[in-house]
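An overview of the molecular structure
As a plain string of letters, each chain reads:
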Amino acid sequence: MSSYDPKPEDRFTFGLWTVGNTGRDPFGVEVRKALTPVQIVHLLAEVGAWGVNLHDNDLVPIDATPAERDRIVADFKRALADTGLVVPMATTNLFGDPAFKDGAFTANDPQVRAYALHKTLRAIDLGVELGAKVYVFWGGREGTETDSSKSPAEALKHFREALNFLCEYTRDQGYDLKFALEAKPNEPRSNIYLPTTGAMLGFIETLDYPEMVGVNPEVAHEHMAGLNFTHAVAQAWDAGKLFHIDLNDQLFGRYDQDFRFGAEMIKQAFYLVKFLEDVGYNGSRHFDAHAYRTEGAEGVKDFARGCMRTYLILKEKAARFNQDPDIQALLQAIHADDGLLGWLAGGYSRDKAQRLKGWDFDRGALGRRDLRYEKLDQLTIELLLGVR
Ligand code: GCO
Ligand code: MN
Ligand code: MN
C-alpha cells in the first residue's frame, strides 16, 4: 500500500451527484449509465472514500410516496452499514424543479418561498436521520437575469428569514447540525446573490443564530470569480466559519467546470492543501466534481481516486515544504525580527501611540531589502515538480 491510499481519517467525501454524474451537459445527453444510490455507495467504498453526501432528491425522487421514501432510505442505510461509509453532509435540491425557476428562498412568489422551506425542513430531517452534522445551502437559483424583477435587498431579507426559520427549527428539534452557506457568482442564474465566500461571511453576521452558520467554500466558484481561493478559505477559517469545503478545479473565466481536484491549477491546489493541513482543519474534504464527459465506469473511478491521491500527494509536498532546509532558511530570514519594536505588541495604549509617532524609521533601508521571494517561489515550484 502506498502512502497515497485514502484512509478514513483523511475524511474524503463525494456527493451522490458527483460520481453519479452521467455527463449530461447543455449540448449533449448522458454518456454514462445512471447509478443507483446503493451502487454509488459501493463504488465509493471500493475507491476508498470515507463518506457520501447527498441532496434530498439524489436519494429520494421528488415525487416519491412515503412508502417509496422509506424503502429507498432503508436500502441506502443498509449499503452504508455494509460498507462503513458515513453521511457527514446533506443538502436540499432547490434548483432542479421548474417551481424554483425564479429562486427558492428568494423567489418573488410567497408560495415558492414557503415550498422551499417545506422541502428543506423535510430534507433536514432526512439528513439528520442519515447522520449528517453539516447542512449545506447552495442557492443555485437565488439570483436574477434581470434586476427589474426583484430588489436585491428584499431578496436578502427573504433569505435571512428562511435561514432564521430553519435555525429555529433545528434548535427546536434538538438536532446537532450546523449550516454551511456555499457561494457561487453565476450559473445557473446570470447573477447569484452573495456571490463570494466573503459576501457570505458578512451576511452570516446578520442572522439570528450566527454561531450555527458557517461557509462551504468551493474552489471552482471563487476561481469563476477570478479570486484566490485559499485567501477566501483563510478568511473563513479565521472567522471560525470553515464548516465544510468543496474541492475541485477550474480555470479562471470559464463555465463551472467541476474538474478533478488539482487537475488545472496545481500551485493553487498546493497552497490550499498546505493551508488546511497547517491549520489542522478536521472537517470533511469533499470533492464536488465529476469525471470528464469522455469517461465511462472505469474513468469515473480514475477520477475519484485521482482527487484523493492528488490531495494526499500535495499533503506530502506541504510536509516537505515545512521541512525543506533551504525553504525554511529563506522563510526565517523573511520573518526575521530584531525585536526593536517589541514594545508595540499587545494592542493600543496612548503611550505607545506617542512613542510610535516619535520613532525614527530608516525608510530607505526598508525599501532596499531584497526579499528573495523569487528564490522561495522557484524552490516551491521545484518541490512541486519533484526535483527536490
Ligand atoms: C454547483 C454546486 C453544487 C453544490 C451542491 C451542494 O456548482 O452545482 O457546487 O454542486 O455544491 O448543490 O450544495
Ligand atoms: Mn460548483
Ligand atoms: Mn459545490
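Attention in this report is confined to the structure presented alongside it. Only a predicted model underlies this, so the values are computations on that prediction, with no experimental measurement involved.

1. Overview of a nonpolar patch on the surface
- On the surface, L340, L341, L344, L356, F361 and L366 cluster together to form a nonpolar patch covering roughly 520 Å² of accessible area.
- Inspection of the secondary structure assignment puts L341 in the loop between α12 (325-334) and α13 (350-357).
- For L341, a relative accessible area of 32% translates into the label partly exposed.

2. A short note on the coordination of the manganese ion (ligand 2)
- Within the protein, E218 (OE) and H221 (NE2) serve as the donor atoms for the manganese ion (ligand 2), at 2.1 to 2.2 Å.
- Between the two metals, the manganese ion (ligand 2) and the manganese ion (ligand 3), the spacing is 3.7 Å, and E218 donates to both.
- A residue is classified by how much of its surface remains accessible, and E218, at 1% relative accessible area, is buried.

3. Topic: the coordination of the manganese ion (ligand 3)
- Donor atoms from the polypeptide that bind the manganese ion (ligand 3) are E182 (OE), E218 (OE), D246 (OD) and D288 (OD), placed at 2.0 to 2.2 Å.
- Classification of the site at the manganese ion (ligand 3) as octahedral follows from its six donor atoms and the range of 82 to 177° in their angles at the metal.
- Spacing between the donor residues of the manganese ion (ligand 3) along the chain follows E-x35-E-x27-D-x41-D.

4. Topic: helix α9 (residues 229-238)
- For α9, every residue scored as buried is listed here: F229, T230, A232, V233 and A236. Along the axis of α9, the buried residues cluster in a sector spanning 160°; they form a single face. Facing away from the buried side of α9 by more than 90 degrees, the exposed set consists of H231 and D238.
- Buried residues along α9 sit in contact with α7 (197-204), β8 (213-215), α8 (219-224), β9 (246-247) and α10 (266-279).

5. Observations concerning the nonpolar core
- Counting 95 residues, the largest nonpolar core has F14, L44, L59, F76, F179 and F261 as the members making the most contacts within it.
- It is helix α11 (residues 297-323) that contributes the most residues to this core, ten residues altogether.
- If you count residues domain by domain, this core takes at least three from each of domain 1 (8-315) and domain 2 (325-384).
- Not counting residues within four places of it along the chain, the set of residues in contact with F179 comprises I124, Y135, F137, L163, L166, C167, T170, M212, V213, G214 and F243.
- In this structure, M89, V134, V136 and A180 belong to the second largest nonpolar core, which totals five residues.

6. Overview of the site of ligand 1
- With respect to spatial proximity, 13 residues lie near ligand 1, and among them H55, E182, K184, E218 and D288 are the closest.
- Take E182: an N or O atom from its side chain is 2.8 Å from an oxygen atom of ligand 1.
- Interatomic distance of 2.7 Å between a side-chain N/O atom of E218 and an oxygen atom of ligand 1.
- Surface burial for ligand 1 is 92%, taken as the share of its 330 Å² of free accessible area covered by protein chains.

7. Topic: the packing of α12 against helix α15 (residues 373-384)
- Running from N to C, α12 and α15 point in directions that differ by 155°, and their axes come no closer than 10 Å. Classed by the angle they form, the pair α12 and α15 counts as roughly antiparallel. Crossing handedness for the pair α12 and α15: left-handed. Across the interface between the two elements, D326, I327, L330, L331 and I334 from α12 touch Y373, K375, L376, L379 and L383 from α15.
- Residue classes in the contact of α12 with α15 are distributed as eight nonpolar, no polar and two charged.

Conventions we followed
- Residues numbered from 1 in each chain as written.
- Chains lettered and ligands numbered in written order.
- Predicted model: local features only at pLDDT ≥ 70, side-chain atom pairs only at ≥ 80, totals over all residues.
- Heavy atoms only, no water.
- Patch = residues over 30% accessible without salt bridge, like charges linked within 9 Å, V, L, I, M, F, W, Y side chains within 5 Å.
- Areas by Shrake-Rupley, 256 points an atom, 1.4 Å probe, with all protein chains shown as cover.
- Salt bridge = Lys/Arg side-chain N within 4 Å of Asp/Glu carboxyl O.
- Helix = DSSP H or I, 4+ residues; strand = E, 2+ residues; numbered from the N terminus.
- Buried < 20%, exposed > 50% of the residue type's maximum accessible area, 1.4 Å probe, protein only.
- Donors = N, O, S within 2.8 Å, 3.2 Å for Na, K, Ca; no water.
- Tetrahedral: all angles 85-135°; square planar, octahedral: opposite > 155°, others 65-115°.
- Arc of directions from axis to C-beta.
- Contact = heavy atoms within 4.5 Å.
- Core = buried A, V, L, I, M, F, W, Y, C linked by side-chain atoms within 4.5 Å.
- Domains from an automatic or database assignment.
- Near = heavy atom within 4 Å.
- Polar contact = N/O pair within 3.5 Å; in protein donor to acceptor, adjacent residues only side chain to side chain.
- Axes fitted to C-alpha atoms, helices over the stretch in contact; angles between N-to-C directions.
- Parallel < 35°, antiparallel > 145°, perpendicular 65-115°, else oblique.
- Left-handed = near helix turned anticlockwise from the far one by under 90°.
- Nonpolar A, V, L, I, M, F, W, Y, C, P; charged D, E, K, R; others polar.

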